[in-house]
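Residue-level structure breakdown
Okay, here's what each chain looks like letter by letter:
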Amino acid sequence: RYEPTWGSLDARPLPAWFDEAKFGVFIHWGVFSVPSFGSEWFWWYWQKEKREPYVKFMEANYPPGFSYEDFGPLFTAEFFDPNQWADILKASGAKYVVLTSKHHEGFTLWGSKYSWNWNAVDVGPKRDLVAELATSVRNRTDLHFGLYHSLFEWFNRLFLEDATNAFKTRKFPTSKSLPELYEIVAKYQPEIIWSDGDGNAPDTYWNSTGFLAWLYNDSPVRDTVVTNDRWGVGSICTHGGFYTCSDRYNPGHLLPHKWENCMTIDRSSWGYRRDARLGDYLPIEDLVKQLAETVSCGGNLLMNIGPTHDGRIAVVFEERLRQVGAWLKVNGEAIYGTKPWRAQNDTVTPGVWYTFSPKEGKVNAIFLSWPVSGTLELGEPRAKLGETQVKLAGYKELLKWVALGEKGMVVALPQLTPQQLPCQWGWTLQLTDVN
């Protein structure tokens, strides 16, 4: 049994499915999807920081005295079709999904008995959005279902009172945050608890170790659940299951601990923005690059989309997800279930990232631009004459190659028209019998 101490909890082995999955989709959806302007931090930027674009936006478009709570009934979700969402998630090639069950605004996407009249069953959609998506994902896909949950809430009176008392009192976690965590685990059995928002309070205030000990020992998901590292001031990148370290974290080198790169397709927001322009969305080439880099360095990629207030996954997000899925159909063997190789990227040719498939004993070299010369020079593999074989993922015939002394090789790529290429945006060489 795990003790409620970081020493004991951190010794728990991470369930193997998470490292094998490699790719997940993050969904930021809530009342902030109604103004859908600027950022999911809309309420904070408007009311607390009083940032000019937000103040002006409200003055120009809403009557005087309109409060953030008034956005609640406008969060309608009339086009939310959980089966359609599940089908898009499946088509993306993702192996897990993380839905924001509650962001820093405190609005829960399920009918929480600890969030009276500020939840999706009492206000707005009048639906349990968490339950609906969980059911569809489990019925229609093999994705693992996870939930994001914010520990703190910007404007909750109990939290503000505790903060004023320098967190010596614990009214908020005992009456709101912790009961909600126990509630979502019991009700929806998520296989990921993605915690966030410590509100500058220590983990002792949140009783994070107490909750995690229960989660790992006695909860219905104790054997499969994975957790992140955001459990109070000082815990990030230090304690918990996998490390997130910061948003859009991509170190570019191998880390000794399992980590995740959570990032957004929209460069400047996690929530949906009506004011976004095409250039604000990362192109598919960038997403494939992020995936290859992240996985080669031992991480998972958690790619975020922000649905609209009425429950649609915007076409631009759907297209990107389906594009990643199309790429993974061809190159998935170089991603799923792989381990980092002794070299992460090539020393000679930039834009080449390595992974290792332990079952097949294959080294995968993912290259992000097709060389004009028709040959690809790799500085890292040690090839053996008569033994090493080189394949291009999605192409039938073996490729010719020559060794370059002790280390390195030059591979002759097949001469293909753009239509004949097995995929776009990045390709994989599969090397067997190298060093």
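Residues numbered from 1 in each chain as written. Predicted model: local features only at pLDDT ≥ 70, side-chain atom pairs only at ≥ 80, totals over all residues. Heavy atoms only, no water.

Identification of the protein as alpha-L-fucosidase from Dryoscopus gambensis is taken from an unreviewed UniProt entry. On record in UniProt, under Function (unreviewed entry), the comment for the protein is "Alpha-L-fucosidase is responsible for hydrolyzing the alpha-1,6-linked fucose joined to the reducing-end N-acetylglucosamine of the carbohydrate moieties of glycoproteins." Of the protein, the UniProt comment under Sequence similarities (unreviewed entry) reads exactly: "Belongs to the glycosyl hydrolase 29 family." (UniProt positions renumbered as here; feature names shortened; annotations may be inferred.)

Let's talk about the overall build of the protein
Broken down by element type, the protein carries 12 helices and 14 strands. For the protein, the C-alpha radius of gyration of 23 Å lies close to 22 Å, the compact-globule estimate for 435 residues. Expressed as lengths along the three principal axes of its C-alpha atoms, the size of the protein is roughly 75 × 50 × 40 Å. Evaluated residue by residue, the protein yields a buried proportion of 58% over its 435 residues. Entry remark: accessible area of the protein is about 18100 Å², with carbon and sulfur atoms responsible for 52%. Side chains of the protein carry 44 positive and 50 negative charges; the gap between the two charge centres is 2 Å. (Helix = DSSP H or I, 4+ residues; strand = E, 2+ residues; numbered from the N terminus. Rg over C-alpha atoms; globule rule 2.2 N^0.38 Å. Buried < 20%, exposed > 50% of the residue type's maximum accessible area, 1.4 Å probe, protein only. Areas by Shrake-Rupley, 256 points an atom, 1.4 Å probe, with all protein chains shown as cover. Lys, Arg positive; Asp, Glu negative; His and termini not counted. Charge placed at Lys NZ, Arg CZ, Asp CG, Glu CD.)

A short note on the UniProt feature "site: May be important for catalysis" (unreviewed entry) in the protein
UniProt feature "site: May be important for catalysis" (unreviewed entry): in the numbering of this structure it lies at Cys262. Inspection of the secondary structure puts Cys262 in strand β6 (residues 259-264). Looking at Cys262, the relative accessible area reads 0%, which means it is buried. Among residues more than four places away in sequence, those in contact with Cys262 are Phe26, Trp194, Arg230, Ser246, Asp247, Arg248, Tyr249, Trp270 and Leu302. (Contact = heavy atoms within 4.5 Å.)

Structural notes on the UniProt feature "domain: Glycoside hydrolase family 29 N-terminal" (unreviewed entry) in the protein
Under the local residue numbering, the UniProt record ascribes the feature "domain: Glycoside hydrolase family 29 N-terminal" (unreviewed entry) to residues 1-333. The distance from the first to the last C-alpha atom of residues 1-333 is 36 Å, and the span holds 36% helix and 12% strand.

A word on the side chain of Ser195
Along the chain, Ser195 falls in strand β4 (residues 192-196). A polar atom in the side chain of Ser195 sits 2.7 Å from the backbone oxygen of Arg230. (Polar contact = N/O pair within 3.5 Å; in protein donor to acceptor, adjacent residues only side chain to side chain.)

Describing the sheet that holds strand β2 (residues 96-102)
The parallel open sheet is built from 7 strands, whose spatial order is β5-β4-β3-β2-β1-β7-β6. Two strands close off the open sheet at either side, each with one partner strand: β5 (226-227) and β6. Here 6 bridges tie β6 to strand β7 (residues 299-305), and the two strands are oriented parallel to one another. Looking at β7, one finds that Thr264 is bridged to Asn304. Contacting β1 (23-27), β2 and β3 (144-150), helix α6 (residues 129-140) crosses the sheet at an angle of about 155° to β3. (Pairing = 2+ DSSP bridges. Axes fitted to C-alpha atoms, helices over the stretch in contact; angles between N-to-C directions.)

Some words on the domain arrangement of the protein
Interfaces are frequently sized by the accessible area removed from exposure as the parts join. Considered domain by domain, the protein is made up of domain 1 (6-334) and domain 2 (339-432). Computed over C-alpha atoms, the centres of domain 1 and domain 2 are 36 Å apart. Counting residues at the interface gives 19 residues for domain 1 and 21 residues for domain 2. Interface area for domain 1 against domain 2, summed over the two sides, is near 1700 Å², with a carbon-plus-sulfur share of 66%. On inspection of domain 1 and its partner domain 2, the count reaches 2 salt bridges. As a salt-bridge pair, Lys362 and Glu333 come within 3.0 Å of each other at their nearest N and O atoms. (Domains from an automatic or database assignment. Buried area = accessible area lost by both parts, 1.4 Å probe. Salt bridge = Lys/Arg side-chain N within 4 Å of Asp/Glu carboxyl O.)

A closer look at helix α5 (residues 82-91)
By the burial criterion, the buried members of α5 are Pro82, Trp85, Ala86, Ile88 and Leu89. Down the axis of α5, the buried side of the element spans an arc of 160°, and every buried residue falls inside it. Contact partners of the buried residues in α5: β1, β2, α6 and α12 (315-331). Taking the backbone nitrogen of Asn83 as reference, a side-chain oxygen 3.0 Å away marks Asp81 as the first, capping residue of α5. Where α5 ends, the next residue or the one after it, Gly93, has phi of about 80°, a positive value. (Arc of directions from axis to C-beta.)

Some words on the pattern of salt bridges
Overall, the coordinates contain 25 salt bridges when judged by the stated rule. Among the salt bridges present, the one from Lys176 reaches Glu153, with a minimum N-O distance of 2.7 Å. You can see Lys176 sitting in helix α8 (residues 171-188) and its partner Glu153 sitting in the loop between β3 and α7 (157-164), a full 23 residues away along the chain. One exposure class covers both Lys176 and Glu153, and it is buried. Put simply, Asp19, Lys22, Lys258 and Lys339 are held in one network by salt bridges that share partners.

Observations concerning helix α10 (residues 208-217)
For α10, the buried fraction is high: 9 of the 10 residues fall into the buried class. Among the residues making up α10, those that are buried are Ser208, Thr209, Gly210, Phe211, Leu212, Ala213, Leu215, Tyr216 and Asn217. Its buried side turned inward, α10 meets α1 (6-9), α8, β4, α9 (203-206) and β5.

Points about the side chain of Asn261
In this structure, Asn261 sits in strand β6. A polar side-chain atom of Asn261 sits 2.9 Å from a polar atom in the side chain of Gln290. Those residues in contact with Asn261, other than ones at most four positions away along the chain, are Arg248, Tyr249, Asn250, Gln290, Thr294, Asn300, Leu301 and Leu302.

Structural notes on the environment of Ile335
Tracing the backbone through its elements, the reader meets Ile335 in the loop between α12 and β8 (352-357). You can call Ile335 buried: its relative accessible area is 0%. Considered as a pair, Ile335 and Ile366 are 31 residues apart in the sequence and their alpha carbons are 9.6 Å apart. Apart from the residues within four sequence positions on either side, Ile335 is in contact with Lys22, Leu291, Val295, Trp327, Leu328 and Ile366.

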